[in-house]
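Geometric and topological summary
Here's the letter readout for the chains.
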Amino acid sequence: MRYSLIMLAGLVLFAAGCTSIAPIPPQDPVVYGPEPRSMMLSEMSTELGWTYEPGPGAYDFTMSSPKGDKVIFRDKSDIVNINGTQWRQERDSVDRRNDMLLPESTFNFVCKHFGRYDLVHEPKRDPIGDYKLEPIGPTVSPTKTEAVDATSTVLKGLTICIDAGHGGSDPGGIGHGVQEKQVTLPVALKLRDLCTAASAKVIMTRTDDTYPDLDKRCEVANSGKADLFISIHANISPTDEEVTGFEVFYNKNSEPGALFAKALVSAMDAATNSPNRGAKKDPRGLRVLEKTQMTAVLVELGFLSNSSEASELTQKSYQDKMATALFEGVVQTWTKGRASVSK
Ligand SMILES: [Zn+2]
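Residues numbered from 1 in each chain as written. Predicted model: local features only at pLDDT ≥ 70, side-chain atom pairs only at ≥ 80, totals over all residues.

1. Brief notes about the overall build of the protein
We count it as follows: Numbering goes from the N terminus for both helices and strands, where a helix is a DSSP run of H or I of at least four residues and a strand is a run of E of at least two. Using C-beta atoms placed from the backbone, we call a residue buried if 20 or more other C-beta atoms fall within 10 Å of its own, exposed if 12 or fewer do, and partly exposed for counts in between. Two residues qualify as a contact pair if the distance between their C-beta atoms, derived from the backbone, is within 7 Å.
For the protein, the count of helices and strands is nine helices and 16 strands. Counting across all 343 residues of the protein, residues that qualify as buried make up 43%. When contacts within the protein are restricted to residue pairs at least 6 apart in sequence, those whose partners lie at least 24 apart make up 71%.

2. Details of the sheet that holds strand E1 (residues 38–40)
So the rule is basically this: By the convention used here, strands pair only if DSSP detects at least 2 bridges between them. Fitted lines through C-alpha atoms serve as axes, helices being fitted only where they are in contact, and the angles separating the N-to-C directions of these axes extend from 0 to 180 degrees.
Strand order across the open sheet formed by three strands is E1-E8-E7, with antiparallel pairing between neighbours. A strand with exactly one partner marks an edge of an open sheet, and here the two such strands are E1 and strand E7 (94–95). Examined bridge by bridge, E7 and strand E8 (residues 100–103) share two bridges and lie antiparallel to one another. Following the sheet pairing, Val94 is matched in E8 by Leu101. Running over the sheet, helix H2 (residues 41–48) touches E1 and E8 and is turned about 75 degrees from E1.

3. Digging into the nonpolar core
What counts here: In this description, a nonpolar core means buried residues of the types Ala, Val, Leu, Ile, Met, Phe, Trp, Tyr and Cys, linked to one another by C-beta atoms lying within 7 Å. Domain ranges listed in this record stem from an automatic or a database domain assignment.
Core analysis: the biggest nonpolar cluster contains 83 residues, and Ile160, Cys195, Ala261, Leu264, Val297 and Leu326 have the highest contact counts within it. Two domains each donate at least three residues to this core, and these are domain 2 (38–119) and domain 3 (159–335).

4. Some points on the sheet that holds strand E4 (residues 70–74)
One open sheet holds the five strands; their spatial order is E2-E3-E4-E5-E6, and the pairing between them is antiparallel. Since the sheet does not close on itself, it has two edges, and those belong to strand E2 (51–54) and strand E6 (85–88), each with one partner. Adjacent strand axes in the sheet meet at a mean angle of 25 degrees, parallel and antiparallel pairs treated alike. Sheet topology places strand E5 (residues 79–82) next to E6; four bridges connect them, and they run antiparallel. Across the sheet, the residue bridging to Val80 is Trp87, located in E6. Packing against the sheet, H2 makes contact with E2, strand E3 (60–64) and E4, and its axis sits at approximately 10 degrees to E3.

5. A look at helix H3 (residues 104–113)
Buried residues of H3: Ser105, Thr106, Phe107, Asn108, Phe109 and Val110, and no others. Of the surrounding elements, those touching the buried residues of H3 are E1, H2, E4, E5 and E8. The positive-phi residue at the C-terminal boundary of H3 is Gly115, with phi of around 75 degrees.

6. Overview of the confidence of the model for the protein
To keep things clear, this is the line we draw: Values of pLDDT, which run from 0 to 100, indicate the predictor's confidence residue by residue.
Per-chain confidence: the protein averages 82 in pLDDT, with 79% of residues scoring 70 or above. Here residues 29–34 is a poorly scored stretch, pLDDT under 50, and it has six contacts once near neighbours within four places are set aside; other chains count. Taken as a whole, residues 125–150 scores under 50 in pLDDT and shows 45 contacts with residues more than four places along the chain or in a different chain.

Below, the structure written as structure tokens:
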């Protein structure tokens, strides 16, 4: 308002033949971060000298090199398929009407992948894709299975929503021939059985090889008035096949979420020899942690990009061990009154 008055005054003075000019209001400096920088698919294609078009699926876009390399992005998915191999992006691709909004870090990765180091953008922010580990505090009882009983009432009164990641047309990450969806479902079903036996009310987002979208999963949890939400996934490291271990993400604004995540990593730590990568604040704004209204976590059981961990994750004994550890974390959280129907 004030500037328009100044401009009006300036115009009046200018019109009156006066040469004085109204001062230019100060501009806000450009600040990068903490959000990751974005690029449009059209910009990426132009800079690489590639082309892009919709398909092969209804939610996909394919960027193609003159030599026939193909990079496929899917709307609302953090998976990117490069010549048939899947990688996890910093965050989801987002459809923008005949174009796509993508993380700049993906562009840099594609450039390096195809040897175009000359095109890589200078970093303009701290790479929040490098997740920072948080120390695991002794906030959760380190004693292992004290509260766990195969059939009990230890979870009486709890409503828990269990979400087996991916499914159906969405295999999730793929490493060494193992699809993420093949691992998440059996662990989720085992966890369901354990929770049900302990008198919890269990809501599943899926119980077979189908794909409810992320909004649907949140809706199931919210409308079921779950106290706890646990989304089960497995990891892919795009750059390092040696990486192994489990980790649990929680909404950065949720203190109960942090405690739930810490209880889960403690239990998995006690149950396995897999490295404990910690309970971590979600840096990506994961939909299932943003849109669910209760205490929510996303568990990454291990890395399919590592051959031995991938094969371990396909074994029923290991899946049961993981499910039992998650169950113990649920029991710890519930019996200590740390579940909450609101974040
Ligand atoms: Zn996943």
